[in-house]
2 protein chains.
Amino acid sequence: MENVKIIEIKKSVFENNDRAADELRGELKTKGVFLLNLMSSPGSGKTTTLIQTINRLKDKIRIAVMEADIDSDVDAIKIKEATGVESIQLHTGGMCHLDAEMTEQGLTALLVEGQKSKVERQPDLVILENVGNLVCPAEFDTGAVKNAMILSVPEGHDKPLKYPLMFSICDVVVINKIDVLPYFDFDMEKCKEYIHMRNPKATVIPICAKTGEGVDVFAEWLLTEVKNWQND
Amino acid sequence: MENVKIIEIKKSVFENNDRAADELRGELKTKGVFLLNLMSSPGSGKTTTLIQTINRLKDKIRIAVMEADIDSDVDAIKIKEATGVESIQLHTGGMCHLDAEMTEQGLTALLVEGQKSKVERQPDLVILENVGNLVCPAEFDTGAVKNAMILSVPEGHDKPLKYPLMFSICDVVVINKIDVLPYFDFDMEKCKEYIHMRNPKATVIPICAKTGEGVDVFAEWLLTEVKNWQND
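Fair warning: this is a prediction, and the values are worked out from it, not measured in the lab.

Asker: Explanation requested: the packing of helix H2 (residues 46-57) of chain B against helix H3 (residues 74-83) of chain B in the structure shown.
Answerer: Residues and elements named next belong to chain B. Where H2 contacts H3, the two axes come as close as 10 Å, and the packing angle between them is 25°. The angle between H2 and H3 places the two elements in the roughly parallel class. For the pair H2 and H3, the crossing hand works out as right-handed. Residues Thr 47, Leu 50, Ile 51, Ile 54 and Asn 55 of H2 form the contact with H3, whose own contacting residues are Asp 75, Lys 78, Ile 79, Ala 82 and Thr 83. Of the residues belonging to the contact of H2 with H3, the class tally is 5 nonpolar, 3 polar and 2 charged.

What follows is the structure, given as structure tokens:
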């Protein structure tokens, strides 16, 4: 293997929002609200996965969705139309991630909106669809109870090597688009091995959001986590 | 279409690096060096596209590569092994993008490295492979002469709607992985239409980096741009 020159360009960009995130989690615990932070690259299938998952869970628990996007609102509308659950769009105004303060702004708006719709009960589960980006969202604790990410087969099984922080902070990694496995050089076993190098405790769930294959397993994982959070 | 609540969360994160970028471009012009900034999502095939392109051009012009990555150096090694051209790795230390100052650090290191290898002539073309991210790299002018991006078929044809800034600043959009078009709901004509909504002047080049299909067209585009820059 050849040697290449490596230049270290370090720069601090991390705002300390850890305390705000911990406070938010404390509030959510008191209220019995479970917040899931869902992250991925652009185009990995977050919205389709959410629709499939919500439709399997919405008769069991009350769900709401916050869609973060740079400036479109197509996802929030899609979710609302396809599932009927409360859904709001968070415009980040160009920002590449959400932090705890922005997440709290969204939650507040969601609860006010819920009151307007005369919703008696607050949601058991709020899902935050973060900005499509494997780098920045991993650096900012949103205050979520659990972090989830979707890696899709066409992106390649080497991504845990290249985006180590994202994989190390995620409790569950959903591997989407398994229907196209025959057309890509994607090694599922290697992918699992790389994910577990970053985070030995990560749960890995292969799915195909388009056909629904495997989505039951993810929905079951999520329901169990919500119940544990509320009953702990 | 249903209405959804939209929350505007604006925050200024853009450092003003425009002057530094313009200065860098001025220097590059004096030296006759063309800098291409190549951006994309993770897993869209930047490195494979580069290898194919460099191998078509390296006997015609002198090429060097700067690979930006959060902390691995697999890409710089891969490029060097597969093409033989000078290649350095820029570690961003967690940063999600490169700005003009970081790019200049890389260029300086590259030229020093070139001198050590007793390279007489400086490169005609330096390619900067930016961090895999459709959001942040678009916000920071690196000082490049032209911006290029790769969108891969599995990511979907709607991406110009969701990442408007990235598409509006790119002079050329390479659409990669056209070999898997039959397995995805990707509408090439719609994709071109959306790209041109963002940037009517963008050149769109469909390719398959794996098989080499269409890469000649991209290589030709790049060679013409380099010659124009040097002879203008």
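Text resumes after the structure shown.
Asker: How do you make sense of the side chain of Thr 142 of chain B when you look at a structure like this?
Answerer: All names here are of chain B. Here Thr 142 is to be found in the loop between strand S5 (125-129) and strand S6 (146-152). Within polar-contact distance, the side chain of Thr 142 engages the backbone nitrogen of Ala 144 at 3.2 Å. Ignoring anything within four residues of it in the chain, the contact list for Thr 142 reads Ala 21, Leu 24, Leu 35, Asn 37, Leu 98, Asp 99, Ala 100, Thr 103, Leu 128 and Asn 130.

Asker: Sorry, what's going on with the environment of Pro 206 of chain A here?
Answerer: Residue and element names in this part refer to chain A. The topology assignment puts Pro 206 in strand S8 (residues 203-206). Since its relative accessible area comes to 29%, Pro 206 is described here as partly exposed. Pro 206 sits 168 residues away from Leu 38 along the chain, and the two C-alpha atoms are 16 Å apart. The residues touching Pro 206, leaving out its near neighbours within four places in the chain, are Ile 175, Ile 178, Met 188, Glu 213 and Gly 214.

Asker: Looking at this structure, I do not really get the pattern of salt bridges. What am I missing?
Answerer: Close approach of charged atoms allows side chains of opposite charge to pair. Counted according to the given criterion, the structure contains 12 salt bridges over all chains. Salt-bridge contacts for Lys 159 of chain A lead to Asp 158 of chain A; the nearest nitrogen and oxygen are separated by 2.7 Å. Residue classification places Asp 158 of chain A among the partly exposed positions, given a relative accessible area of 25%. Measuring nitrogen to oxygen at the nearest pair gives 2.6 Å for the salt bridge that ties Arg 25 of chain B to Asp 22 of chain B.

Asker: I tried to follow empty space enclosed by the protein on my own but got confused; where do I start?
Answerer: Leftover empty space is mapped by rolling, across the atoms, a probe with the size of a water molecule. As enumerated under the stated definition, the model contains 1 cavity of 30 Å³ or more in all. The computed volume of the largest cavity comes to approximately 50 Å³. In terms of lining residues, the largest cavity is bounded by 13 residues, among which Ser 152, Pro 154 and Glu 155 of chain A together with Pro 154 and Glu 155 of chain B are the most central. For the lining of the largest cavity, the per-class residue count stands at 4 nonpolar, 5 polar and 4 charged.

Asker: Help me understand helix H8 (residues 215-231) of chain A, please; the structure alone is not making it clear to me.
Answerer: Each α-helix turn comprises 3.6 residues. Residues three or four places apart therefore point the same way. A rise of 1.5 Å per residue sets the reference length of H8 of chain A, with its 17 residues, at 24 Å; its end C-alpha atoms lie 24 Å apart and thus fit the reference within 8%. When H8 of chain A is considered as a whole, its buried residues turn out to be Val 215, Phe 218, Ala 219, Trp 221, Leu 222, Leu 223, Glu 225, Val 226 and Trp 229 of chain A.

Asker: What am I meant to see in the pairing of strand S3 (residues 63-69) of chain A here?
Answerer: Successive residues of a regular strand alternate their side chains across the two faces of the sheet. Residue and element names in this part refer to chain A. Of all the 7 residues making up S3, 7 are buried; the element is thus mostly covered by neighbouring parts of the structure. Here S3 shows two buried faces, one formed by Ile 63, Val 65, Glu 67 and Asp 69 and the other by Ala 64, Met 66 and Ala 68. Where S3 meets strand S5 (residues 125-129), 5 bridges bridge the pair, whose relative direction is parallel. The residue of S5 that forms the bridge with Met 66 is Leu 128.

Reading guide: rules and limits
Residues numbered from 1 in each chain as written. Chains lettered and ligands numbered in written order. Predicted model: local features only at pLDDT ≥ 70, side-chain atom pairs only at ≥ 80, totals over all residues. Heavy atoms only, no water. Axes fitted to C-alpha atoms, helices over the stretch in contact; angles between N-to-C directions. Helix = DSSP H or I, 4+ residues; strand = E, 2+ residues; numbered from the N terminus. Parallel < 35°, antiparallel > 145°, perpendicular 65-115°, else oblique. Left-handed = near helix turned anticlockwise from the far one by under 90°. Contact = heavy atoms within 4.5 Å. Nonpolar A, V, L, I, M, F, W, Y, C, P; charged D, E, K, R; others polar. Polar contact = N/O pair within 3.5 Å; in protein donor to acceptor, adjacent residues only side chain to side chain. Buried < 20%, exposed > 50% of the residue type's maximum accessible area, 1.4 Å probe, protein only. Salt bridge = Lys/Arg side-chain N within 4 Å of Asp/Glu carboxyl O. 1 Å grid on protein atoms, 1.4 Å probe; cavity = no way out; pocket = protein on both sides within 12 Å on 5 of 7 lines; lining within 4 Å. Points joined across faces, edges and corners; volume = space filled by probe spheres on them. Expected span 1.5 Å × (residues − 1). Pairing = 2+ DSSP bridges.

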